[in-house]
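Coordinate analysis (summary)
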Amino acid sequence: MAQQFGDYQLEIYLGGLGGVVPELPMSFAELAARAEAAMSPGLWSYVAGGAGDEHTQRANVTAFEQWGLMPRMLTGAAQRDLSLELFGLRLATPLFMAPVGVVGLCAQDGHGDLAVARAAARTGVPMVASTLSQDPMEVVAKEFGATPGFFQLYTPADRALAESLVHRAEAAGFRGIVVTLDTWVTGWRPRDLSTANFPQLRGHCLTNYTSDPVFRRSLAQPPEQDPAAAVRHWAGTFANPLSWADLPWLRSLTSLPLILKGLSHPEDVRRAKDAGVDGIYCSNHGGRQANGGLPAIETLPDVVAAADGLPVLFDSGIRSGAEIVKALALGATAVGIGRPYVYGLAVGGEDGIVHVLRSLLAETDLLMAIDGYPTLADLTPTALRRR
Ligand code: FNR
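Residues numbered from 1 in each chain as written. Predicted model: local features only at pLDDT ≥ 70, side-chain atom pairs only at ≥ 80, totals over all residues. Heavy atoms only, no water.

So, the overall build of the protein
A tally of regular secondary structure across the protein gives 16 helices and twelve strands. Relative to the compact-globule value of 21 Å for 387 residues, the protein shows a C-alpha radius of gyration of 20 Å, a close match. With the C-alpha coordinates aligned to their principal axes, the bounding extent of the protein is approximately 70 × 50 × 40 Å. Put simply, the protein has 387 residues, and 55% of those count as buried. Taking contacts inside the protein between residues at least 6 apart in sequence as the whole, the part at least 24 apart equals 74%. Summed over all atoms, the accessible surface of the protein reaches about 16,000 Å², with 56% contributed by carbon and sulfur. Looking at charge distribution, the protein has the averaged site of its 30 positive side-chain charges lying 2 Å from that of its 39 negative ones. (Helix = DSSP H or I, 4+ residues; strand = E, 2+ residues; numbered from the N terminus. Rg over C-alpha atoms; globule rule 2.2 N^0.38 Å. Buried < 20%, exposed > 50% of the residue type's maximum accessible area, 1.4 Å probe, protein only. Contact = heavy atoms within 4.5 Å. Areas by Shrake-Rupley, 256 points an atom, 1.4 Å probe, with all protein chains shown as cover. Lys, Arg positive; Asp, Glu negative; His and termini not counted. Charge placed at Lys NZ, Arg CZ, Asp CG, Glu CD.)

Considerations on the sheet that holds strand 5 (residues 128-129)
Across the sheet, eight strands lie side by side as 4-11-10-9-8-7-6-5; this open sheet has parallel pairing. This sheet does not close on itself; its edge strands, each paired only once, are strand 4 (95-97) and strand 5. Packing of helix 7 (residues 159-172) onto the sheet brings it into contact with strand 6 (150-153) and strand 7 (177-180), and relative to strand 6 it is tilted by some 175 degrees. Where helix 15 (residues 321-329) meets the sheet, its contacts fall on strand 4, strand 10 (312-314) and strand 11 (334-337), and the angle it forms with strand 11 comes to roughly 145 degrees. (Pairing = 2+ DSSP bridges. Axes fitted to C-alpha atoms, helices over the stretch in contact; angles between N-to-C directions.)

Observations concerning the packing of aromatic side chains
Under the defined criterion, the tally for this structure stands at twelve aromatic pairs. Relative to phenylalanine 150, the ring of phenylalanine 87 has its centre 6.2 Å away and its plane inclined at 65 degrees; by these criteria the two rings are edge-to-face. Taken together, the residues phenylalanine 87 in the loop between strand 2 (84-86) and strand 3 (89-91) and phenylalanine 150 in strand 6 connect sequence positions 63 residues apart. Residue phenylalanine 150 is classed as buried on the basis of its relative accessible area, which comes to 5%. Measuring from ring centre to ring centre gives 5.5 Å for phenylalanine 96 and tyrosine 281, while their planes differ by 90 degrees; the resulting arrangement is edge-to-face. Of this pair, phenylalanine 96 sits in strand 4 while tyrosine 281 sits in strand 9 (residues 279-282), and the two are 185 residues apart along the sequence. Look at tyrosine 281 and you get buried, because its relative accessible area is 0%. Ring pairs connect the aromatic residues Tyr154, Tyr209, Phe215, Trp234 and Phe238, which therefore count as one cluster. Positioned above the aromatic ring of tryptophan 249 is the side chain of arginine 159, whose terminal nitrogen or guanidinium carbon lies 4.1 Å from the ring centre. (Phe/Tyr/Trp six-rings, centres within 6.5 Å; stacked < 30°, edge-to-face > 60°. Lys NZ or Arg CZ within 6 Å of the ring centre and 35° of its normal.)

Considerations on the packing of helix 5 (residues 112-123) against helix 16 (residues 339-371)
At a minimum axis separation of 8 Å, helix 5 and helix 16 run at an interaxial angle of 15 degrees. Classified by the angle their axes make, helix 5 and helix 16 are roughly parallel. Handedness of the crossing formed by helix 5 with helix 16: left-handed. Every residue of helix 16 that contacts helix 5 at Gly112, Ala115, Val116, Arg118, Ala119, Arg122 and Thr123 is listed here: Tyr341, Leu345, Glu350, Asp351, Ile353, Val354 and Leu357. Tallied by class, the residues present in the contact of helix 5 with helix 16 amount to eight nonpolar, two polar and four charged. (Parallel < 35°, antiparallel > 145°, perpendicular 65-115°, else oblique. Left-handed = near helix turned anticlockwise from the far one by under 90°. Nonpolar A, V, L, I, M, F, W, Y, C, P; charged D, E, K, R; others polar.)

Examining the pattern of salt bridges
Within the structure shown, the criterion is met by 16 salt bridges. Across the pair aspartate 278 and arginine 251 runs a salt bridge whose closest N-O atoms are separated by 2.7 Å. Of this pair, aspartate 278 sits in the loop between helix 13 (266-274) and strand 9 while arginine 251 sits in helix 12 (residues 247-252), and the two are 27 residues apart along the sequence. For aspartate 278, a relative accessible area of 27% gives the class partly exposed. Among the salt bridges present, the one from aspartate 308 reaches lysine 273, with a minimum N-O distance of 3.8 Å. Here aspartate 308, found in the loop between helix 14 (296-307) and strand 10, pairs with lysine 273, found in helix 13; they are 35 residues apart in sequence, far enough to count as distant. Under the relative-accessibility criterion, lysine 273 is labelled partly exposed at 28%. (Salt bridge = Lys/Arg side-chain N within 4 Å of Asp/Glu carboxyl O.)

Comments concerning the site of the ligand
Within the structure, the ligand sits among 22 residues, and Pro99, Ser130, Thr180, Arg319 and Arg339 are positioned closest to it. Within the backbone of glycine 101, an N or O atom sits 2.9 Å from a nitrogen atom of the ligand. The backbone of glycine 317 places a nitrogen or oxygen atom 3.0 Å from an oxygen atom of the ligand. Across the shell around the ligand, the residue classes tally to seven nonpolar, ten polar and five charged. (Near = heavy atom within 4 Å. Polar contact = N/O pair within 3.5 Å; in protein donor to acceptor, adjacent residues only side chain to side chain.)

A few points about the nonpolar core
Inside soluble globular proteins, nonpolar side chains tend to come together where they are buried. Grouped together as the largest cluster of nonpolar side chains are 120 residues, with contacts concentrated most on Ile177, Tyr209, Ile280, Phe314, Tyr341 and Ile353. Residue contributions to this core peak at twelve residues, all from helix 16. Contact partners of phenylalanine 314, with chain neighbours within four places excluded, come to Phe64, Phe96, Tyr281, Cys282, Ala296, Ile297, Leu300, Ala327, Ala332, Ala334, Val335 and Gly336. (Core = buried A, V, L, I, M, F, W, Y, C linked by side-chain atoms within 4.5 Å.)

Concerning the side chain of aspartate 135
Looking at where aspartate 135 falls in the secondary structure, it is placed in the loop between strand 5 and helix 6 (137-141). Nearest to the buried, unbridged aspartate 135 among oppositely charged side chains is arginine 118, at 7.7 Å. Residues in contact with aspartate 135, not counting those within four places in the same chain, are His111, Asp113, Leu114, Val140, Thr207 and Asn208.

Digging into a nonpolar patch on the surface
Side chains of Leu10, Leu14 and Leu17 sit close together on the surface and give an oily, nonpolar patch of about 350 Å² of accessible area. Inspection of the secondary structure assignment puts leucine 17 in helix 1 (residues 7-17). (Patch = residues over 30% accessible without salt bridge, like charges linked within 9 Å, V, L, I, M, F, W, Y side chains within 5 Å.)

Here it is in structure tokens:
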């Protein structure tokens, strides 16, 4: 029998009989408020902020309100099954943790990447580990337990370095490579600009580079001896404004599933599919990169149609089980959690992430129970009505 994630609420209510009330927040608003209190102002701005006046970031969340799930009664939804098969892997849940480059800094001990990996091991919710991490990918991957992990690549301009990163990810046991396409230049972020704060330029989250043999060979001195020069070299090679002509090269780097992150236009999806990618990742980077765009959820249906059977990962704007159910019904194969798990980490460390994931899963499961959609296959666009 599949795990019944909604049982988390029973656990909490039963705890209440013994006088135990949850220490960790039960609503997103409280989670965000407590995360803000737990973080330095600069880090909070970096994590919570987005591009421009953050209109797209807000719309990513509010656009979900345009859709409603139509309840169906008497469907026998007493047992739910949220498991799925993705890239040949059996996953207990349709959730994953989206790559977040500064998650390492969001833990009190500065090792947030390890806390995320351990939370993945405990919950079965995979981590997509960012290229920008406080601990090298090999160290992170050791914490995954039985849960598969994915490596997110920011493709460096230096092709040899890109190849090295991908091959290290393969050797470390990652089960897929997610190439992020929308961040070869940083979006205009007034919150960070007003404090002139860009963490990587301050030397943070660069361990995948400083531990890389190709990166190290291109430095006059080891990064431990001249960290400023290493950061300068990183800044020079970080960005690769890839074009379609580069896709065959990217494809040739690995036989692992290759997933392209940041696709919204159906024509781009069709071209990616023709180029032999294994998955499409529909996302607008949580509104951090380009302001003035459509809410990501509005682009999902056309992406799913163009993907024509290829798995579609989705993120941007997921704050509760309601958004998860709607994204699944609109055709997402798996749904990425971004800021909420980072806030959970800031508030409660590894346990905080586990709590956030369990809460999201519980609410998703209970919505599927109450609304009468017991499996992921039951969640189709016909389950939704537009307001
Ligand atoms: C991100 N995101 C991101 N994406 C990526 O591919 N590589 C990365 O290193 C990062 N770094 C990063 C840092 C921070 C602080 C945030 C908030 C986000 C984007 C992330 O994967 C995801 O697309 C968004 O977080 C989804 O939006 P919401 O749901 O968090 O609003």
